[in-house]
Amino acid sequence: MRVLHIDTGQDMRGGQWQALHLLQGLAERGVAGRLLAPQHSDLFQAATALGLEVRPLSEPTVALAASGFDLVHAHDARAHTLAVFSPKPLIVSRRVAFPVKRSAASRFKYRRASHYLAVSEFVKKELLSAGVLASKITVVHDGVRVPDRVRGDARPLVMALNSDDPGKGKAIVAKAAGLASVPIHFSSHLLEDLPQAGLFVYITDNEGLGSAALLAMGYGAPVIASRVGGLPEIVHHGETGLLTDNAPEAVAGSMKRLLNDRPLALRLATRARSMVEQGFTIAHMVQNTIRVYERILS
């Protein structure tokens, strides 16, 4: 099996990390692949550093590039558009929570794909509402790395994602931290900072699933997250974390609750980490994707 992967993102966001993890996992399992990505993108550089096969993305040659491959896998919306006339079966990853456009061009585009990998049940429902057949959708959750060991309760940071995206709720978190009189660390390097996180706050306007929240769970950090999109599928309120409305007062209240009740915070974190280990690792994501590939080719 040979798979051509296409991603058009310039920055290393959640979708690009998932594409990179998939490419590496497929290579380790003997599934040959090639990535087409913008030459100066973070994903292009990261894949090159890992020794994966990468070529600069050239829009006019996407269809020609499929020659010699069994499948084409588009990892973002623009990649889906570029690959819509692929002569080989087209798999599309859908990771975003907002509704599918209803224009004639969009309807044509969504009919063309052979199969969709929806990152959550919420995203699957959005695809179904746009007219995509249920038989053409499989839910394949994001996968994250889970360290073998995590620190216990002596973790000082209250942490949130550092993002310039206005939909990611940085202003709400900052105001909530002020109301709760809690210093907040906005992290640009989650893998480096999460071992120190005693609390992870993930506020967003919409979310397909929430790979940053999953990563925090895997690192044993109690999670507070917005009650939107696919997040309630992983943050089960009072069991694997706390859900909150996107209001500073509500977020502040959840912060104070977990900071003042550390036994509760540790119980939530322990259950969340176990949940990630059982179904949201990179190995799960790679194997579930391979199953879809094999089903399409059969």
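On a predicted model such as this, the values are computed, not experimentally measured, just so you know.

Engineer: Would you mind going over the sheet that holds strand β6 (residues 115-118) with me for this structure?
Structural biologist: Ordered by their spatial adjacency, seven strands build an open sheet running β3-β2-β1-β4-β5-β6-β7, and the pairing between neighbours is parallel. Here the strands that pair on one side only, and so sit at the sheet edges, are β3 (54-56) and β7 (137-139). Here the strands of the sheet are splayed against their neighbours by 25 degrees on average, with no regard to which way each runs. Of the pairings in the sheet, the one linking strand β2 (residues 32-37) to β3 comprises three bridges and is parallel in character.

Engineer: For this particular structure, what's the right way to read unusual backbone geometry?
Structural biologist: Across residues other than glycine, the phi torsion is negative in most instances, and most of the peptide bonds are trans. One non-glycine residue, S181, lies in the positive phi region at around 55 degrees. Position of S181 relative to the elements: it lies in the loop between α7 (170-179) and β9 (185-187).

Engineer: Just to check I follow, could you spell out the packing of aromatic side chains for this structure?
Structural biologist: To describe a pair of aromatic rings, one takes the distance between the centres and the angle between the planes. Summed over the entire model, instances satisfying the criterion amount to three aromatic pairs. Geometrically, the ring pair formed by Y110 and Y116 is stacked, given 5.6 Å between the ring centres and 10 degrees between the ring planes. Here Y110 matches Y116 in class, with each residue buried. Here F200 and Y202 contribute two aromatic rings whose centre-to-centre distance is 6.2 Å and whose plane-to-plane angle is 15 degrees, an arrangement assigned as stacked. The exposure classification of F200 matches that of Y202, with both residues buried. Sitting over the ring of F69, R2 keeps its end group 4.4 Å from the ring centre. Directly above the ring of F186 sits K170, whose terminal nitrogen or CZ lies 5.1 Å from the centroid.

Engineer: I keep staring at the sheet that holds strand β10 (residues 197-202) and nothing clicks. Help me out?
Structural biologist: One key point about sheets: their strands pair by backbone hydrogen bonds, in either a parallel or an antiparallel sense. The sheet built from five strands is open, its strands ordered β9-β8-β10-β11-β12 with parallel pairing. Two strands bound the open sheet, and with one partner strand each, they are β9 and β12 (242-244). Sheet twist, expressed as the average angle between the axes of neighbouring strands with direction ignored, equals 25 degrees. Sheet topology note: the strand β11 (residues 223-226)/β12 ladder contains three bridges and is parallel.

Engineer: Is there a simple way to explain the environment of T281 in this structure?
Structural biologist: When you line up the elements, T281 lands in the loop between α11 (262-279) and α12 (282-297). The spacing of T281 and H141 is 140 residues in sequence and 9.0 Å in space, taken between C-alpha atoms. Contact partners of T281, with chain neighbours within four places excluded, come to G143, V144, V146 and V276.

Engineer: I tried to follow the pairing of strand β4 (residues 71-74) on my own but got confused; where do I start?
Structural biologist: The two faces of β4 match: L71 and H73 on one face and V72 and A74 on the other face are all buried. Pairing of strand β1 (residues 2-6) with β4, which is carried by four bridges, proceeds in the parallel orientation. Across the sheet, residue L4 finds its bridge partner in β4, namely V72. With three bridges connecting them, β4 and strand β5 (residues 90-94) associate as parallel partners. For A74, the partnering residue across the bridge sits in β5 and is V92. Between the parallel pair β4 and β5, the chain is carried across by helix α4 (residues 77-82), and the sense of this crossover is right-handed.

About the cut-offs
Residues numbered from 1 in each chain as written. Predicted model: local features only at pLDDT ≥ 70, side-chain atom pairs only at ≥ 80, totals over all residues. Heavy atoms only, no water. Pairing = 2+ DSSP bridges. Helix = DSSP H or I, 4+ residues; strand = E, 2+ residues; numbered from the N terminus. Axes fitted to C-alpha atoms, helices over the stretch in contact; angles between N-to-C directions. Phe/Tyr/Trp six-rings, centres within 6.5 Å; stacked < 30°, edge-to-face > 60°. Buried < 20%, exposed > 50% of the residue type's maximum accessible area, 1.4 Å probe, protein only. Lys NZ or Arg CZ within 6 Å of the ring centre and 35° of its normal. Contact = heavy atoms within 4.5 Å. Right-handed = clockwise from strand over helix to strand, strands pointing away.

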